Amino acid sequence: KDSVLPWGLLICGITAVCLWPMLNNEFTNWDDEFYVINNKLLRGPDWQGIFTEPVVGNYHPLTVITLAFNYAISGADPFSYLLVNYVLHLINTALVFYFIWNISNKHLFVAAFVALVFGIHPMHVESVAWVSERKDVLYTLFFILSLMQYWRVLHTNKKSHFWLCFLFFVLSLLSKPAAVILPLVLLLLDYWKGRPINVKVVTEKIPFFILSIIIGIVTIKIQSPTAMAGLSAYSVVDRMFFACYTLMVYFLRFFIPYPLSAFHPFPPTGTSLGWPILISPLFVVGLLLALWFLRKSKIVVFGLLFYVINLLLVLQVISIGLTVVSERYTYVPYIGLAFTVGMALSNTKYLAQRASWAIASVFIVI
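On a predicted model such as this, the values are computed, not experimentally measured, just so you know.

Caption draft 1: View of the nonpolar core. In this structure, Ile100, Phe143 and Leu147 are the most contacted members of the largest nonpolar core, which totals 116 residues. The leading source of residues in this core is helix H8 (residues 134-156), at 13 residues. In contact with Phe143, not counting residues within four places along its chain, are Ser172, Ala179, Ile181, Leu182, Val185, Asn310 and Val332.

Here it is, written out as structure tokens:
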């Protein structure tokens, strides 16, 4: 345990240095005007409005409360908003380190690798350096805390940890509706721990599923026309191609995060989807084959399913927003991919320990 804290501090320190320039940013003219600059809910603040009115097509009152806190101390000065995002990301990085350290059976190399990838991955910058994405860093904070409490449930079977897990789930949902998939991740932790996935294991999570369904219905009802693209714009077949494409692109950009952009648009309607989108089902077939042939490898199954489950809501089967790919959507899913890579590198059956550290170091430096 004595060796864990210095590693955690080192990883957070590297992350802090890499993201330090974001504190010089300004507000953008893309969502920041709706979340902060022209958001009347922050003035006062309007507590009733915060809990009853959606903002930019989402119901996330806890996120709006944190923005109201920033507005109370600094008005329209962006520094305090960016600083809170920055600090929340550092906390999340520390939580990821501790969470992975626990589920990897106290494997320091794996925890350090996953946390550092999470902290400094270029695809994660959008979630941290953009004021309007406060919801990303905030919901992830409670999401990881909920997973940590559930891991304690699996070891102690104490009801107190179960209800703490549920409380953090509620707070995560109130920060961003994307947290509705958490019950599926809990089932994934059951699988990782070795529990049989039976009726008892599923039914004990009924409170989680009920709350997810309620928030899901509320979110669908309040999604504004600008947040959810018209269903007539692309055919069902096109949308299935988009789903395959997003799975492929997010996977590839975990390893090669290029090109980066705030805007990755859909192909123009009435034109060819383009060969990268058209060949993407081959990637999905390959992914399914890998899961099948490596189904006895819990490391591969757990990591890949963690990645896929956390992308389920943003696969563009129903087109959300104006972009086919959004870098901020990788904030939580990449924990799964980094975990699989880290565990593979740490397995001395395949690679010598020194080679593992060398490969991990080159990846991190790049």
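Next comes the rest of the description.
Caption draft 2: View of the side chain of Lys135. Structurally, Lys135 is set in helix H8. Separated by 3.0 Å, the side chain of Lys135 and the backbone oxygen of Ser132 make a polar contact.

Caption draft 3: Examining the environment of Phe306 more closely. For Phe306, the position within the fold is in helix H15 (residues 298-309). Under the relative-accessibility criterion, Phe306 is labelled buried at 2%. In the structure, Phe306 is positioned 28 residues away from Tyr334 in sequence and 8.5 Å away in space, judged by C-alpha atoms. Not counting the four nearest positions on each side in its chain, Phe306 is found in contact with Leu147, Val185, Leu188, Val332, Pro333, Ile335 and Gly336.

Caption draft 4: Summary view of a nonpolar patch on the surface. Taken together, Val285, Leu289, Trp292, Phe293 and Leu294 make up a surface patch of nonpolar side chains, about 550 Å² in accessible area. Summarising the element assignment, Trp292 is placed in helix H14 (residues 275-293).

Caption draft 5: Inspection of the packing of aromatic side chains at higher detail. Within this structure, the stated rule accounts for 30 aromatic pairs. Against the face of Trp101 rests Lys106, its NZ or CZ located 5.1 Å from the ring centre.

Caption draft 6: Structural context of unusual backbone geometry. With an omega dihedral of -5°, the bond running from Gly44 to Pro45 counts as a cis peptide bond. Tracing the sequence through the fold places Pro45 in the loop between helix H2 (32-37) and helix H3 (47-52). Cis peptide bonds are those with omega within 30 degrees of zero, and the linkage from Tyr258 to Pro259 qualifies with 0°. Tracing the backbone through its elements, the reader meets Pro259 in the loop between helix H13 (236-255) and strand E1 (264-265). At Asp31, a position not held by glycine, the phi torsion is positive, near 80°. Examined against the element boundaries, Asp31 turns out to sit in the loop between helix H1 (4-19) and H2. Unlike most non-glycine residues, Asn157 shows phi in positive territory, near 60°. In this fold, Asn157 is placed in the loop between H8 and helix H9 (159-173).

The rules behind the values
Residues numbered from 1 in each chain as written. Predicted model: local features only at pLDDT ≥ 70, side-chain atom pairs only at ≥ 80, totals over all residues. Heavy atoms only, no water. Core = buried A, V, L, I, M, F, W, Y, C linked by side-chain atoms within 4.5 Å. Buried < 20%, exposed > 50% of the residue type's maximum accessible area, 1.4 Å probe, protein only. Helix = DSSP H or I, 4+ residues; strand = E, 2+ residues; numbered from the N terminus. Contact = heavy atoms within 4.5 Å. Polar contact = N/O pair within 3.5 Å; in protein donor to acceptor, adjacent residues only side chain to side chain. Patch = residues over 30% accessible without salt bridge, like charges linked within 9 Å, V, L, I, M, F, W, Y side chains within 5 Å. Areas by Shrake-Rupley, 256 points an atom, 1.4 Å probe, with all protein chains shown as cover. Salt bridge = Lys/Arg side-chain N within 4 Å of Asp/Glu carboxyl O. Phe/Tyr/Trp six-rings, centres within 6.5 Å; stacked < 30°, edge-to-face > 60°. Lys NZ or Arg CZ within 6 Å of the ring centre and 35° of its normal.

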